[in-house]
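# Examining the three-dimensional arrangement
Here is what each chain is made of, one letter per residue.
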Amino acid sequence: MRAAGERLLQEKCRQASLQLDVQSRIDHAAHVLVCPTCKHSECLPQAIGARTAEVLWVGFETRFQVQVPVRVCSGCKTTFTVCPLHIGCFPSSAKFGWKVSNYAPYNTSVLWFDLALVRYAELSSHHMKRVSMWQFAELLDRMHITNHSSVKIQFDRLRKALAISVHEFGYLLSHTEDMTALGVEGWPSGMFGECGGCWKAGESVALK
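Throughout what follows, the structure given in this document is the object of discussion. None of these values were measured; they are calculated from a predicted model. (Residues numbered from 1 in each chain as written. Predicted model: local features only at pLDDT ≥ 70, side-chain atom pairs only at ≥ 80, totals over all residues. Heavy atoms only, no water.)

## Here we look at the overall build of the protein chain
- Across its full length, the protein chain carries 4 helices and 5 strands.
- In sequence order, the protein chain lays out its α and β elements as α-β-β-β-β-β-α-α-α.
- When each of the 208 residues of the protein chain is scored for burial, the buried share is 42%.
- For the protein chain, the share of sequence-separated contacts (at least 6 apart) that also reach a separation of at least 24 residues comes to 61%. (Helix = DSSP H or I, 4+ residues; strand = E, 2+ residues; numbered from the N terminus. Buried < 20%, exposed > 50% of the residue type's maximum accessible area, 1.4 Å probe, protein only. Contact = heavy atoms within 4.5 Å.)

So, in structure tokens, the structure goes:
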């Protein structure tokens with residue numbers, strides 16, 4: 001019993017450390033945000049109406065909630081926030097996942113998956129065809145429960161969110177690879193063009 005209690009405590013400490021790391025990355029990215037509309041860095045210190053959006057972060061071994069700061073530019077009044085790619089995540093919702101500032105505070109409808117997890121799931125299911133999204137999500141859920149994750153989530157919701165994320169990831173990745181293979185001049189290099197997710201959110205991107 002004592003050994004089991006110690007293992008549980010160690011696991012809780014490890015998860016708390018990971019959560020702190022993810023939250024720190026979010027806070028750092030938010031600290032250096034620049035208004036996407038007026039493009040002036042001096043806009044950030046004058047940001048007003050600060051609030052946070054609650055997002056469920058999902059990794060290989062655990063899941064937890066993080067707070068994503070939302071900014072409102074004091075000059076042009078544009079609402080903006082951190083892009084999930086900047087902190088190594090990929091969202092579950094194409095509509096709201098890239099811009100969590102578009103929904104009400106403390107709405108947990110959006111999941112951000114660890115980018116490495118999405119890449120692995122996409123490779124396993126679409127390329128190697130070794131596992132279905134149902135099986136992968138079930139394995140993920142059981143791993144989280146085994147590791148005593150305190151966040152409850154319906155399995156069907158996790159499965160659907162993961163499937164959407166993996167599908168969009170594969171589509172976008174193949175699209176960028178096709179553009180490179182076709183020799184499109186000026187196409188940004190790197191994963192998703194290293195554009196921080198702007199073109200995926202339906203906005204224009206400046207080519208290199």
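Structure's up, so let's keep going.
## Looking at the packing of aromatic side chains
- Applying the stated criterion to the full structure yields 5 aromatic pairs.
- Ring centres of F60 and Y120 lie 6.0 Å apart, and the angle between their planes is 75°; this geometry places the pair in the edge-to-face category. Of the two residues, F60 sits in the loop between β1 (48–58) and β2 (63–72) while Y120 sits in helix α2 (residues 115–127), which places them 60 residues apart along the sequence.
- Looking at Y120, the relative accessible area reads 47%, which means it is partly exposed. (Phe/Tyr/Trp six-rings, centres within 6.5 Å; stacked < 30°, edge-to-face > 60°.)

## Observations regarding unusual backbone geometry
- The phi dihedral of H148 falls on the positive side, at around 60°, and the residue is not glycine.
- Topologically, H148 is positioned in the loop between α3 (133–146) and α4 (155–181).

## Quick word on α3
- Spanning 14 residues, α3 covers 20 Å between terminal C-alpha atoms, matching the ideal 20 Å at 1.5 Å per step.
- Along α3, the residues that are buried comprise M133, F136, A137, L140, D141 and H144. Summarising the axial view, the buried residues of α3 lie within an arc of 130°, below the 170-degree limit, and thus occupy one face. Turned more than 90 degrees off the buried face of α3, the exposed positions are L139, R142, I145 and T146.
- Backbone geometry just after α3 places H148 at a positive phi near 60°. (Expected span 1.5 Å × (residues − 1). Arc of directions from axis to C-beta.)

## Details of the pattern of salt bridges
- Counting across every chain of the model gives 6 salt bridges.
- With a closest N to O distance of 3.3 Å, D21 and R25 form a salt bridge. Placement of both D21 and R25 in helix α1 (residues 2–31) is noted, with a separation of 4 residues, approximately one turn of the helix.
- We classify D21 as partly exposed; its relative accessible area is 39%.
- A residue is classified by how much of its surface remains accessible, and R25, at 31% relative accessible area, is partly exposed. (Salt bridge = Lys/Arg side-chain N within 4 Å of Asp/Glu carboxyl O.)

## As for the nonpolar core
- In terms of nonpolar packing, the biggest core is built from 25 residues, with V58, F90, L111, F113 and L162 touching the most fellow members.
- Elements supplying a minimum of two residues to this core: β1, β5 (111–114), α2, α3 and α4.
- Per-element accounting of this core gives the leading share, 7 residues, to α4.
- Residues V66, V70, I87 and V110 belong to the second largest nonpolar core, which totals 21 residues. (Core = buried A, V, L, I, M, F, W, Y, C linked by side-chain atoms within 4.5 Å.)

## Some remarks on the pairing of β2
- Both β2 and strand β3 (residues 79–81) contribute to a ladder of 3 bridges, which runs antiparallel. In the sheet register, V70 faces β3, and the bridge partner there is T81.
- With antiparallel pairing between neighbouring strands as the criterion, β2 and β3 make up a hairpin whose turn holds 6 residues, including K77 at a positive phi of roughly 70°. (Pairing = 2+ DSSP bridges.)

## Comments concerning the state of the cysteines
- What the rule picks out here adds up to 0 disulfides.
- This cysteine, C89, is not joined by any disulfide, and C83 carries the nearest cysteine sulfur, 9.7 Å off. (Disulfide = S-S within 2.5 Å.)

## A look at the environment of D27
- Relative to the assigned elements, D27 resides in helix α1.
- For the pair formed by D27 and V68, sequence separation is 41 residues and the distance between their alpha carbons is 7.5 Å.

## Thoughts on the side chain of Q23
- Turning to its location among the elements, Q23 is positioned in helix α1.
- At a separation of 2.8 Å, a polar atom in the side chain of Q23 contacts the main-chain carbonyl oxygen of Q67.
- Discounting residues that sit within four places of it in the chain, Q23 has contacts with V66 and Q67. (Polar contact = N/O pair within 3.5 Å; in protein donor to acceptor, adjacent residues only side chain to side chain.)

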